[in-house]
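# Chains, contacts and geometry: an overview
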Amino acid sequence: MQLGSGRESQPPHSKTGSSLRSGEADSAVFQPTSWAIKIQLRIFSMLIVLFSRSGREREVFKLIVYRELPSLVSDLGFSARTLYSVSNNISAHYRKTRIPKKGGGFRELAVPDRLLKVIQQRINERLLPLEPVSPYATAYRPGGSTRRNASPHVGKPVVLKLDVFKFFDHAIYPLVKEKVFPAERYSERNRVLLALLCTYRDALPQGAPTSPAISNILLREFDLAVGAWCGQRGIAYTRYCDDMTFSGDFDPEAVIPTVKSELRKLGFFLNDRKTTVVRAGRCQLVTGLVVNERLGLPAEYLRDLRQELYYCRKYGLRSHMVWRGLEGTPEQYAAKLLGRVAYALSVEPENRELADARVWLLEERKR
C-alpha cells in the first residue's frame, strides 16, 4: 500500500492464462503475511473505527492508493502470478448451485472455489472498506441489521416497498470497475484485475463474499440522491441490499418515477411485480419485522418459536427431535434454537420469556 503514485508494474509473462499447478493454489492460500503487513492492517482497522465515528474517514482513505502491482500483491497476500492466473480463467473457479427461496422456487448461486474465495475475502476485508457507503444502506456493513432497516418506518401511515429487478445480473463488470475500484485510487491495470476477480460472466455473482459489500458501494450515489429527495418531502428511506423501503404520509405514485429514474442512471430497473403499498390498519412488515405501532416480530414467528421451546423443555431436546424426525445431535439443534432466540431478542430485548429460554438452552449445550 502506498501514498502517492508510482510506476505501474507489468503482469508476469509466464503462465498468466494457465491454470495453477498442483499444490500452487494451497501454497498461495496459506502464504503467510509478514508481521509488518499484519500490524499495518490492524492500524487501518483502527482508523476505520476512529474516523468513521468522527466523519473524516473519506479524507483519510483518499491517501491510500494502489498505483503499483507490488503494493496490491503485498496487501492481498497472494503472488501476482496467482492473481493473474485466477483472473484469466475465472469461470474455472466457480461452481453453480441452487438454494430454495422463502416464497418458493430456487435462487441460483455462483460459489467460488477455495482459492478464489480466500482472494475475495482479502479484497472484502482490506480494499472494499476504503470506499464509502451511504447512511441509507442497512445491510452488509458494521451495525447493519433488519432492525436498523425497519426502525425508521415504525408507526407510519404508508409503507412502500420496492425491489431492484435482478440486481446482481445487472451489476455488470464496467460498473464494478468504475464505482468500486475508482481511477483515483487504483492504476488501470489494478482496476481491471480486481474487477475481474469480483465478477463472473461480466456480472456480480451471488455467492461471492465480495458481492454484498460491492452492492452497497454501487448504490451509494443512488441512495444519496433518493435519500435527499425523500428528506425534502418528509419521507423515510432505507435500503436492505436490493430491497428499498419508504414510509410517511405521501403518495406512492410520486416516489416510483424518481426511483426508476435514478436506477436507470446505473443500468438498473424496478421489479414492478414486487412493488407493495401497505397502509396503516394492515400488517406492515419491513424486512420481516412488524412496524405498525412498535417494532416487533410477527405473531406467527413468535408463536412457532414459543411452541418449539415449550416442547423442548417439557420432553427434552432429544425426545423432541425424535418426535419431529430431525437429524443431527441435540447440541446442534440447541445451537440452531439459540440462533433463533438470539435474533428474536435482538428485536425484542425486553422479552423475559425468550431471555429465560436462552439461559436454558445454554445450560443444555453444556450437558
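Structure report, in brief. (Residues numbered from 1 in each chain as written. Predicted model: local features only at pLDDT ≥ 70, side-chain atom pairs only at ≥ 80, totals over all residues. Heavy atoms only, no water.)

## Here's the deal with the overall build of the chain
Applied cut-off: Under the scheme used here, helices are H or I runs from DSSP no shorter than 4 residues and strands are E runs no shorter than 2 residues, and both carry numbers assigned from the N terminus. Note on contacts: a residue pair is in contact if any heavy atoms of the two residues lie within 4.5 Å. In these tables, accessible area is a Shrake-Rupley quantity obtained with a 1.4 Å probe, and a residue counts as shielded only by the protein chains included in the view.
When helices and strands are tallied, the chain shows 17 helices and eight strands. Taking as baseline every contact in the chain between residues at least 6 positions apart, the subset at least 24 positions apart corresponds to 72%. Of the accessible surface of the chain, which amounts to about 19,500 Å², a share of 52% is contributed by carbon and sulfur atoms.

## Regarding a positive patch on the surface
In plain terms, the rule: Residues qualify for a patch when their relative accessible area is over 30% and they have no salt bridge, like charges being joined within 9 Å and the nonpolar side chains of Val, Leu, Ile, Met, Phe, Trp and Tyr within 5 Å. We define a salt bridge as a contact between a side-chain nitrogen of Lys or Arg and a carboxyl oxygen of Asp or Glu at a distance within 4 Å. Charge counting treats Lys and Arg as positive and Asp and Glu as negative, with His and both chain ends excluded. To locate a charge, take atom NZ for lysine, CZ for arginine, CG for aspartate or CD for glutamate.
On the surface, a cluster of positive charge is made up of Lys-101, Arg-107, Lys-166, Arg-273 and Lys-274. With respect to the helices, strands and loops of the structure, Lys-166 is situated in the loop between strand E3 (158–163) and helix H8 (167–170).

## Some remarks on helix H5 (residues 80–87)
This is how it is decided: Note on exposure labels: buried denotes an accessible area under 20% of the residue type's maximum, exposed denotes more than 50%, and partly exposed covers the range between, all computed with a 1.4 Å probe on protein chains only.
With seven of eight residues buried, H5 is to be regarded as a mostly interior element. Residues of H5 that are buried include every one of Ala-80, Thr-82, Leu-83, Tyr-84, Ser-85, Val-86 and Ser-87, and no others.

## Some points on the nonpolar core
To be explicit about the condition: To qualify as a nonpolar core, a set must consist of buried Ala, Val, Leu, Ile, Met, Phe, Trp, Tyr and Cys residues joined through side-chain atoms within 4.5 Å.
Ile-123, Phe-181, Met-244 and Phe-246 are the most contacted members of the largest nonpolar core, which has 65 residues in total. Every residue in contact with Phe-181, bar those within four places of it in the chain, is listed here: Ile-123, Leu-128, Val-176, Tyr-186, Arg-191, Leu-194, Ala-195 and Cys-198. Judged by nonpolar contacts, the second largest core, of 25 residues, contains Leu-302, Met-321, Ala-357 and Leu-361.

## Let's talk about the packing of aromatic side chains
Rules: Two aromatic rings from Phe, Tyr or Trp, using only the six-membered ring of Trp, form a pair when their centres are within 6.5 Å; if the ring planes differ by under 30 degrees the pair is stacked, by over 60 it is edge-to-face, and anything between is tilted. Both a distance and an angle decide whether a charge sits over a ring: NZ of Lys or CZ of Arg must be within 6 Å of the ring centre and within 35 degrees of the ring normal.
The full count for this structure, using the stated rule, is twelve aromatic pairs. A centroid spacing of 5.2 Å and a plane angle of 85° characterise the contact between Phe-167 and Phe-168, whose relative ring orientation is edge-to-face. Both residues of the pair, Phe-167 and Phe-168, count as buried. Between Tyr-237 and Phe-246, the ring centres sit 5.0 Å apart and the planes meet at 25°, which makes this aromatic pair stacked. For the pair Tyr-237 and Phe-246, one class covers both residues: buried. Among the aromatic residues, those joined into a cluster by ring pairs are Tyr-310, Tyr-311, Tyr-315 and Trp-323. Seen from the ring of Phe-106, Arg-98 lies directly overhead, with NZ or CZ sitting 4.2 Å from the centre. The side chain of Arg-340 reaches across the aromatic face of Tyr-301, ending 5.9 Å from its centre.

## Comments concerning the sheet that holds strand E6 (residues 276–279)
Selection criterion: DSSP calls a pair of strands paired once it identifies at least 2 bridges connecting them. Angles here are taken between N-to-C directions and fall from 0 to 180 degrees, while the axes themselves are lines fitted to C-alpha atoms, restricted in helices to the stretch in contact.
Strand order in the open sheet formed by four strands is E4-E5-E3-E6, and the pairing between neighbours is antiparallel. Taken across any chain shown, the strands that pair with only one partner, and hence form the sheet edges, are strand E4 (236–240) and E6. Taken pair by pair, the neighbouring strands of this sheet meet at an average axis angle of 15°, ignoring direction. Note: E3 against E6, four bridges, orientation antiparallel. Bridged to Val-158 within E6 is Arg-279.

## Examining the environment of Tyr-136
Here Tyr-136 lies in the loop between helix H6 (114–126) and helix H7 (146–150). With a relative accessible area of 23%, Tyr-136 lands in the partly exposed category. Along the primary structure Tyr-136 and Arg-220 are separated by 84 residues, whereas in three dimensions their C-alpha atoms are 8.5 Å apart. Once you skip the residues sitting within four places of it in the chain, Tyr-136 turns out to touch Asp-223, Leu-224, Gly-227, Ala-228, Tyr-237, Thr-238 and Arg-239.

## So, the environment of Ala-225
With respect to the helices, strands and loops of the structure, Ala-225 is situated in helix H12 (residues 220–231). Classification of Ala-225 by relative accessible area gives partly exposed; the value is 30%. Along the backbone, Ala-225 and Thr-258 are 33 residues apart, and their C-alpha atoms lie at a distance of 9.5 Å.

## A few points about the pairing of strand E2 (residues 106–112)
In this sheet, E2 lies alongside strand E1 (residues 94–100) in antiparallel orientation, the contact comprising seven bridges. Looking across to E2, one finds that Arg-98 is bridged to Glu-108. Between E1 and E2, which pair antiparallel in sequence order, lie five residues; one of them, Gly-104, sits at a positive phi of approximately 105°.

## Some remarks on the pattern of salt bridges
Taken as a whole and assessed by the stated rule, the structure comprises eleven salt bridges. Two residues, Glu-188 and Arg-191, come together in a salt bridge whose shortest N-O distance is 3.0 Å. Of this pair, Glu-188 and Arg-191 both sit in helix H10 (residues 188–198), three residues apart, roughly one helical turn. As a salt-bridge pair, Glu-353 and Arg-306 come within 3.1 Å of each other at their nearest N and O atoms. In this pair, Glu-353 is assigned in helix H17 (residues 352–366) and Arg-306 in helix H14 (residues 299–315), connecting sequence segments 47 residues apart. Three or more residues are tied together by salt bridges with common partners; here these are Lys-177, Glu-178, Glu-188 and Arg-191.

## Here we look at the side chain of Thr-199
The following threshold applies: Residues adjacent in sequence count toward polar contacts only when both atoms are side-chain atoms; beyond that, a polar contact is any pair of N or O atoms within 3.5 Å, and within protein one must be able to donate a hydrogen and the other to accept it.
When you line up the elements, Thr-199 lands in the loop between H10 and helix H11 (211–218). Residue Thr-199 is classed as buried on the basis of its relative accessible area, which comes to 4%. A polar side-chain atom of Thr-199 sits 2.8 Å from the main-chain carbonyl oxygen of Ala-195. The residues contacting Thr-199, other than those within four sequence positions of it, are Ile-90, Tyr-94, Tyr-173, Val-176 and Pro-205.

## Observations regarding unusual backbone geometry
Positive phi, normally seen in glycine, also occurs at Tyr-140, with a value near 60°. By secondary structure assignment, the location of Tyr-140 is in the loop between H6 and H7. The partly exposed category is assigned to Tyr-140, whose relative accessible area is 42%. Backbone geometry at Lys-166 places phi at a positive 45°, although glycine is not the residue there.

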